[in-house]
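The residues making up each chain are set out below.
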Amino acid sequence: MAQTYKRQLPGGSNDTLTVAALAVLAAITVTVAHEAVGHGSVCLAVGGRVTLLTTSLFRCDVPSFLIDLSGPFTSLAVAAVAALAATVTRETRPGLTLYLVLVAAMAGFWEGAYLVQAVLTRHGDLYSVWTGLAGEATVAVRVGGAAVGAAIYLATVVFASRMLAGTLVEPRKAARTAWAAATVATVAAALIYRGGVGENLINTMLEIGAASLPLLLIPRRANCTATARPIRRSVPVIGLAAMAWLGFALTMGLGIVG
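Scope of this entry: the structure provided in the associated data block.

The rules we used
Residues numbered from 1 in each chain as written. Predicted model: local features only at pLDDT ≥ 70, side-chain atom pairs only at ≥ 80, totals over all residues. Heavy atoms only, no water. 1 Å grid on protein atoms, 1.4 Å probe; cavity = no way out; pocket = protein on both sides within 12 Å on 5 of 7 lines; lining within 4 Å. Points joined across faces, edges and corners; volume = space filled by probe spheres on them. Helix = DSSP H or I, 4+ residues; strand = E, 2+ residues; numbered from the N terminus. Nonpolar A, V, L, I, M, F, W, Y, C, P; charged D, E, K, R; others polar. Axes fitted to C-alpha atoms, helices over the stretch in contact; angles between N-to-C directions. Parallel < 35°, antiparallel > 145°, perpendicular 65-115°, else oblique. Left-handed = near helix turned anticlockwise from the far one by under 90°. Contact = heavy atoms within 4.5 Å. Buried < 20%, exposed > 50% of the residue type's maximum accessible area, 1.4 Å probe, protein only. Pairing = 2+ DSSP bridges. Core = buried A, V, L, I, M, F, W, Y, C linked by side-chain atoms within 4.5 Å.

1. Let's talk about the layout of surface pockets
Each pocket or cavity is described by its volume, and for the largest pocket that value is around 740 Å³. Lining the largest pocket are 29 residues, and of these S56, Y114, H123, G124 and D125 sit closest to its centre. Secondary-structure elements contributing two or more residues to the lining of the largest pocket are α1 (16-45), β2 (58-60), α2 (65-89), α3 (94-121), α4 (125-134) and α7 (199-210). For the lining of the largest pocket, a count of residues per class yields 13 nonpolar, 10 polar and 6 charged.

As C-alpha cells, this is what we get:
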C-alpha cells in the first residue's frame, strides 16, 4: 500500500530580535539609497553641493530635475535587485531573504505611494521632474501617474506576501515585528533632527511606517512547507543593526548641513 510522506517544517520559531535587526538594516538601506545615494550622488555629479541631508529631506545648491529623479530611480533599482536576489536565496538563507524582501518591499511601497501622492498633490520629486521637462501636468498625466504608482504598490504587496509566506514560519508575526522595528528605528532617528520635529518627522513616518502598512496583513501561515524556515538568533546581525542605526542617527538623523 502506497504511503504519502509530508515534509515537515523545521522546528522552532523566528527569533524576534534578529527579525527586528534585519528590518532596521532594511529600513536604513532604503532610506540611504533614496536620499544619500540617489539624490546625493547626482547632486555631486552635476557640480552641486549637498546643503541638507536627513532621513527624509534633501537639498542641493544646484537645481536639476536629474537630482529629483535620482532618488526614486535609485530606490526602484535597489528594490528590483533585492527582489531578484531574494528569489535565489529563499530556500537556503531565510535571514538574508527576509532582509532582501524587506528592502524590496519598503522601497516599492515608498515609491509607489510617493508617486500617487505626488500627482494628486502636485508636489514631490517625480512631479517636479515632470514639470521641469514638460510643464504643468494635465489631468490625464496625473491620472496615469497615479495608476502607475498604484500598480507598483499593489505589485509590491503581492511580492512581499508571497515571498514571506513562502520563506518563513509564522510569516505574519515576523512581518509585523519587522514593520514595528523599522518604523520605530527611523522615527527615533528623525526625532533627534537638529531642525526640530515637523516636516522631516512626518515624511519619515509616511515613507517607512505608513507606506509599509501592508506588512501587517501578510498571511498568518506559511504557504510552502518545503521551503519555510525559521530565522535563528544571530548576535552579529543584531550587533550590526545596532551600530548601523547609531551611525544613521548621528548623521542623517541629526541632519547633515552643508
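2. Points about the packing of α1 against α3
With their axes 9 Å apart at the nearest point, α1 and α3 run at an angle of 45° to one another. Here α3 runs oblique to α1, going by the angle between their axes. Crossing handedness for the pair α1 and α3: right-handed. Touching V19, L22, A23, L25, A26, A27, T29, V30, T31, H34 and E35 of α1 are G95, L98, Y99, L102, V103, M106, A107, W110, E111 and Y114, all from α3. When the residues that make up the contact of α1 with α3 are grouped by side-chain class, the tally is 15 nonpolar, 4 polar and 2 charged.

3. Focus: unusual backbone geometry
Here the phi dihedral of E170 falls at roughly 50°; this positive angle occurs in a residue that is not glycine. Of note, E170 is situated in the loop between α5 (139-167) and α6 (171-191). For E170, a relative accessible area of 32% corresponds to the partly exposed category.

4. Regarding empty space enclosed by the protein
Taken as a whole, this structure holds 1 cavity of 30 Å³ or more when the rule is applied. The calculated volume of the largest cavity comes to roughly 40 Å³. Lining of the largest cavity is provided by N14, D15, T16, V19, E170, K173, A174 and T177. Those elements giving two or more residues to the lining of the largest cavity turn out to be α1 and α6. In terms of residue count, α6 provides more of the lining of the largest cavity than any other element does, 3 residues in total.

5. Describing the pairing of strand β1 (residues 50-53)
As judged from the 3 bridges shared by β1 and β2, these two strands associate in the antiparallel manner. Bridged to L52 within β2 is R59. A loop of 4 residues connects β1 with β2, the two strands running antiparallel in sequence. Sheet topology note: the β1/strand β3 (residues 256-257) ladder contains 2 bridges and is antiparallel. Within β3, the position partnered with L53 by the bridge is I256.

6. Thoughts on the nonpolar core
By size, the foremost hydrophobic cluster in this structure holds 53 residues, and its most contacted members are F58, L98, L102, M106, L164 and L215. Of all elements in the fold, only α1, β1, β2, α2, α3, α5, α6 and α8 (235-253) reach the threshold of two or more residues within this core. Other than its neighbours up to four places away in sequence, L215 contacts L102, F109, L164, A175, R176 and W179.

Note that all results are geometric; they support no functional claim without further evidence.
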